[in-house]
Each structure stands twice: as structure tokens, then as C-alpha cells.
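Listed here are the chains, written in short residue letters.
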Amino acid sequence: MSDLFFKNTYSPLSSNEIITKEKNNMDQSRFNHCVRVSETARKLAKLNHYDENKAALTGFIHDYAKQVPADEFRKVIKEQKMDHDLLNWGPAIWHGMVGAYFVQRDLKIIDTEILNAIKRHTTADVEMTLLDKIVFMADYIEPGRTFAGVEEAQEVTCNNLDSGVAYQLAHTLEFLIKKRDKIYPRTLDAYNVWSTKENNEEKN
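Residues numbered from 1 in each chain as written. Predicted model: local features only at pLDDT ≥ 70, side-chain atom pairs only at ≥ 80, totals over all residues. Heavy atoms only, no water.

Chemist: For this particular structure, what's the right way to read the packing of helix α9 (residues 150–159) against helix α10 (residues 161–178)?
Modeler: Two packed helices can be described by the angle between their axes and the distance between those axes. Direction vectors running N to C along α9 and α10 enclose 145°, while the axes themselves pass 5 Å from each other. Read as a crossing pair, α9 and α10 show a hand that is left-handed. Side by side, α9 and α10 meet where Glu152, Ala153, Val156, Thr157 and Asn159 of the first sit next to Leu161, Ser163, Gly164 and Tyr167 of the second. Classifying every residue of the contact of α9 with α10 by side-chain character gives 4 nonpolar, 4 polar and 1 charged. (Axes fitted to C-alpha atoms, helices over the stretch in contact; angles between N-to-C directions. Helix = DSSP H or I, 4+ residues; strand = E, 2+ residues; numbered from the N terminus. Left-handed = near helix turned anticlockwise from the far one by under 90°. Contact = heavy atoms within 4.5 Å. Nonpolar A, V, L, I, M, F, W, Y, C, P; charged D, E, K, R; others polar.)

As C-alpha cells, this is what we get:
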């Protein structure tokens, strides 16, 4: 943990201040997850020729709002006049989509690319930047994950980031359908773009 350091925080706050605020906003288990996602994002950034520091920082703060109380999320959605439909969902969606607001408010980060990657890390999107994809996949394949197929997901992602996105979306939808859970529309739209991409390319 002592090796955690960000050369550029995209904020008036120092690296140590960002780390301390994050640590105070969650339990130790969640904090450890964020550290692993940060390290995995750094590795994926290197593989894909992206800014390693920016990827590591975004990976670290992606779950900053994960343990914010539900009532606080609802209050922010209403007060900030966010999409009213968000009230029909819950923390699994909110900690990304609404979580970016808390990152901007508390960590003073206003970089649009970072904030969008935080918004999209739970839902994906039909259009995703390289940073979006790196954080989306780093969260999914970090070394603490133990779900069936994680090793395959890690291998696929390290070989081709887009294929990793496709893998995650397909398996997430399969998981949600088996549980008869609601599927966030943006995630379904993202699946239709990323997880069917290779099939469409083969047909053309």
C-alpha cells in the first residue's frame, strides 16, 4: 500500500490527500479492491499505450462512492437534477453514474475523461474511450476476483481490450438474466455494440 502514489492527481489535492480521503470513505476491504484495480489499470494502460498514471488514478477512485448511503444518492440525484430515471435503480448503478459527482465534489477532480470513466465503469456504453475500457476491465479482472471464468477473462483482456469488454458484457448479462435482475438499458445497448461486434465483422 505504501507504494501507492500518483504523479498527477488532476486535482489541487496531493496524492496523499486523495488516498486519505478515499480510505476514509470506505472500509478496508473496499479500499484494498481499489488498490488492486489501480494496479491492474496501470498494467492494462501499459499494454495499450495509455497514460499509466491517469489509468491508475482513475482505477483507484472508481469506487469512491461505493459505500455512500442510498438516501444520499437519492438526494444528490434530485438536487443536481440528474436523469430522474436513476431513482428507479440502486447503488449498483448509482456508485458509478452518480459517484462521479462525489469525486468532483470531494476530490476536486474535474477532468471529463476521468469522470466519464467512473460513470461508465458499472454500465459500459455504446461508445467508450480507452480509459473507459481500461477501468471497466481492471475492475472486472483485478487479482482479488474469484468468479468462474476470471482467468479466461484476464487472458482475453490482456490479449485484446475490446474482446475483454465484449466478454464482460456477455457474461454480466448472462448472470443478470439467470437472477432475473433488471438490466440497465445502457448496458444492454453496450452489449449490442461490443459483444456482437466480432460476429458482425465475420458476416461482412
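Chemist: In this structure, what is going on with the side chain of Lys54? I would like to understand it.
Modeler: Looking at the element boundaries, Lys54 is found in helix α3 (residues 52–61). Classification of Lys54 by relative accessible area gives buried; the value is 9%. At a separation of 3.2 Å, a polar atom in the side chain of Lys54 contacts the side chain of Asp111. If near-sequence neighbours (up to four positions away) are discounted, Lys54 is found in contact with Tyr10, Asp111, Glu113, Ile114 and Leu131. (Buried < 20%, exposed > 50% of the residue type's maximum accessible area, 1.4 Å probe, protein only. Polar contact = N/O pair within 3.5 Å; in protein donor to acceptor, adjacent residues only side chain to side chain.)

Chemist: Any chance you could explain the nonpolar core here in plain terms?
Modeler: The tendency in soluble globular proteins is for nonpolar side chains to be buried side by side. Residues Phe60, Ile61 and Val98 are the most contacted members of the largest nonpolar core, which totals 58 residues. With 8 residues, helix α8 (residues 130–141) is the largest single contributor of residues to this core. Apart from residues lying up to four places away in sequence, Phe60 is in contact with Leu4, Phe6, Ile18, Ile19, Glu22, Phe31, Cys34, Val35 and Ser38. (Core = buried A, V, L, I, M, F, W, Y, C linked by side-chain atoms within 4.5 Å.)

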